[in-house]
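Read off the chains here:
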Amino acid sequence: MENPFGLTGEEYTDVVRSRVQEFLRYFGEQVDRLEEAVQKQDVQTIGTITHNIRGTGGSFGYDEATTLATRLNEAVHASPVNWREAQELLVQLKNRLKR
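If you're wondering where the values come from, they're calculated on a predicted model, not measured in any experiment. Within each chain, residues carry numbers counting from 1 in the order of the written sequence. In view of the model being predicted, local features appear only for residues whose pLDDT reaches at least 70, and side-chain atom pairs are presented and counted only at 80 or more, with totals across whole chains, interfaces and linings using the full set of residues. With hydrogens and water set aside, each side-chain value is computed from the structure's full complement of heavy atoms.

### Points about the overall build of the protein
Secondary structure follows DSSP: runs of H or I at least 4 residues long count as helices, runs of E at least 2 residues long count as strands, and numbering of each begins at the N terminus. Each helix and strand counted, the protein has four helices and zero strands in total. Along the chain direction, N to C, the helices and strands of the protein fall in the order α-α-α-α. For the protein, the C-alpha atoms occupy an extent of roughly 55 × 20 × 20 Å along the three principal directions. Between two residues, a contact is recorded if the distance between any of their heavy atoms is within 4.5 Å. Expressed as a percentage of contacts within the protein between residues at least 6 apart in sequence, the contacts between residues at least 24 apart total 49%.

### Quick notes on helix H1 (residues 9-40)
Expected span, for any helix, means 1.5 Å times one less than how many residues it has. Here H1 contains 32 residues, and its C-alpha end-to-end distance of 46 Å stays within 8% of the 46 Å for a straight helix at 1.5 Å per residue. At the exit of H1 stands Gln 41, carrying a positive phi of roughly 55°.

### Looking at the packing of helix H2 (residues 43-59) against helix H3 (residues 63-76)
At a minimum axis separation of 8 Å, H2 and H3 run at an interaxial angle of 160°. Accordingly, the angle class assigned to the pair H2 and H3 is roughly antiparallel. In the packing of H2 onto H3, the handedness of the crossing is left-handed. Residues Val 43, Ile 46, Gly 47, Thr 50, Ile 53, Arg 54, Gly 57 and Gly 58 of H2 touch H3, and the partners they reach there are Ala 65, Thr 66, Ala 69, Thr 70, Leu 72, Asn 73 and Val 76. Along the lines of polarity and charge, the residues of the contact of H2 with H3 split into seven nonpolar, seven polar and one charged. An axis is simply a line fitted to the C-alpha atoms; with a helix, the fit covers only the stretch in contact. Between two such axes, the angle follows the N-to-C directions and lies from 0 to 180 degrees. Between 65 and 115 degrees an angle is taken as roughly perpendicular, under 35 as roughly parallel, over 145 as roughly antiparallel, and anywhere else as oblique. It is the rotation of the near helix from the far one that decides the hand of a crossing: anticlockwise by less than a right angle makes it left-handed, clockwise makes it right-handed. Three categories are distinguished: nonpolar for Ala, Val, Leu, Ile, Met, Phe, Trp, Tyr, Cys and Pro, charged for Asp, Glu, Lys and Arg, and polar for the others, with Gly belonging to the last.

### Observations concerning H3
Taking 1.5 Å as the rise per residue, H3 with 14 residues should run 20 Å; its terminal C-alpha atoms sit 20 Å apart, in good agreement. All buried positions along H3 are accounted for by Ala 65, Thr 66, Leu 68, Ala 69, Leu 72, Asn 73, Ala 75 and Val 76. Using a 1.4 Å probe on the protein chains alone, a residue whose accessible area is under 20% of its type maximum counts as buried, one over 50% counts as exposed, and one in between counts as partly exposed.

### Examining the nonpolar core
Joining through side-chain atoms within 4.5 Å is the link that ties buried Ala, Val, Leu, Ile, Met, Phe, Trp, Tyr and Cys residues into a set, and such a set is a nonpolar core. Grouped together as the largest cluster of nonpolar side chains are 21 residues, with contacts concentrated most on Phe 27, Leu 34, Ile 46, Leu 72 and Leu 93. Looking at this core, the elements with two or more residues in it are H1, H2, H3 and helix H4 (83-98). For Leu 34, the contacting residues outside a window of four places in its chain are Ile 46, Ile 49, Thr 50, Ile 53, Leu 72, Leu 90 and Leu 93.

### Observations concerning the side chain of Asn 73
Along the chain, Asn 73 falls in helix H3. A distance of 3.4 Å separates polar atoms of two side chains, one belonging to Asn 73 and the other to Thr 50. Ignoring any residue separated from it by four or fewer positions in sequence, one finds Asn 73 in contact with Gly 47, Thr 50 and Arg 54. N or O atoms closer than or at 3.5 Å make up a polar contact, with two conditions inside protein: a donor-capable atom paired with an acceptor-capable one, and, for residues adjacent in sequence, both atoms drawn from side chains.

### Regarding the packing of H1 against H2
Close contact between H1 and H2 brings their axes to 9 Å; oriented N to C, the two are set at 160°. In terms of axis orientation, H1 runs roughly antiparallel to H2. Viewed along their axes, H1 and H2 form a crossing whose handedness is left-handed. Each of Phe 23, Tyr 26, Phe 27, Gln 30, Arg 33, Leu 34, Ala 37 and Val 38 in H1 lies in contact with H2, whose residues at this interface are Thr 45, Ile 46, Ile 49, Thr 50, Asn 52, Ile 53, Thr 56 and Gly 57.

Note that every value here comes from positions in space, so none of it alone points to a role or purpose.
Now the structure itself:
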């Protein structure tokens, strides 16, 4: 990863590591909120959270999380809503967080 900030290699590595750790905490919080929203079948909240995960996940190179969030959003906006698929995708997102 290129260092655009003029930091030493070690300083830059520390900044990147810190940002990734913040993202993983944020991602975990979002997945917890998403789990609650899926249980309540709250389509609007699911849409908001999956939008956030797609944006931040893409920024940090978590393409699999971005893809899963997109698929989850599509599942709850299908007609009829596919809650079984939504649950399965949520489990996959949780598993992705554990890696």
